[in-house]
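Secondary and tertiary structure notes
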Amino acid sequence: MQIQVDCMEAVDTILDGGFSATASVAIYDECNQLWKNFVAISITHCNRESNSVAHELARQTLLEKSSSVWIDDPPASIRHLLVNDVTIMSNQ
């Protein structure tokens with residue numbers, strides 16, 4: 001699994017195995033539980049501009065005060081952002 005994060009503090013904490021005195025330790029703890037069944041994990045920093053999908057999904061969740069799951073196609077509200085993120089990542 002390849003994970004790209006736009007928060008350098010979170011990336012550093014994850015790469016340091018959760019050793020930090022910041023709030024990013026909570027992020028590490030949650031991620032560690034989620035990825036323990038994966039064979040290999042790669043974590044890198046990415047620019048905020050190439051992570052607009054995550055920001056839009058977080059914004060929608062805050063506004064709707066609920067979560068959602070999709071199996072096949074992503075919600076129409078983020079399709080254009082997915083294309084934009086892939087384009088930016090391809091050009092890096």
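The structure reproduced in this document is the subject of the present report. Just so it is clear, the structure is predicted and the values come from calculations on it, not from any experiment.

Details of helix α1 (residues 8-15)
The set of residues buried in α1 consists of Ala10, Val11, Thr13 and Ile14. Seen end-on, α1 carries its buried residues on one side only, within an arc spanning 165 degrees. On its buried side, α1 packs onto β1 (2-5), α2 (24-35) and β2 (42-45). One or two steps after α1, the chain reaches Gly17, where phi turns positive at roughly 75 degrees.

Topic: the side chain of Ser52
Looking at where Ser52 falls in the secondary structure, it is placed in helix α3 (residues 52-64). Leave out the neighbours within four places in its chain, and Ser52 touches Leu81, Asn84 and Asp85.

Notes on the environment of Ser52
By relative accessible area, Ser52 is classed as buried at 17%. C-alpha of Ser52 to C-alpha of Leu82: the two residues are 30 residues apart in sequence and 7.9 Å apart in space.

Examining the pattern of salt bridges
Scanning the entire structure with this criterion turns up 1 salt bridge. One salt bridge connects Glu56 with Arg59, and the closest N-O pair in it is separated by 2.7 Å. A residue pair is termed a helical-turn pair when its members lie 3 or 4 positions apart in one helix, as Glu56 and Arg59 do in helix α3 at 3 residues. A residue is classified by how much of its surface remains accessible, and Glu56, at 16% relative accessible area, is buried. By relative accessible area, Arg59 is classed as partly exposed at 42%.

Criteria and thresholds
Residues numbered from 1 in each chain as written. Predicted model: local features only at pLDDT ≥ 70, side-chain atom pairs only at ≥ 80, totals over all residues. Heavy atoms only, no water. Buried < 20%, exposed > 50% of the residue type's maximum accessible area, 1.4 Å probe, protein only. Helix = DSSP H or I, 4+ residues; strand = E, 2+ residues; numbered from the N terminus. Arc of directions from axis to C-beta. Contact = heavy atoms within 4.5 Å. Salt bridge = Lys/Arg side-chain N within 4 Å of Asp/Glu carboxyl O.

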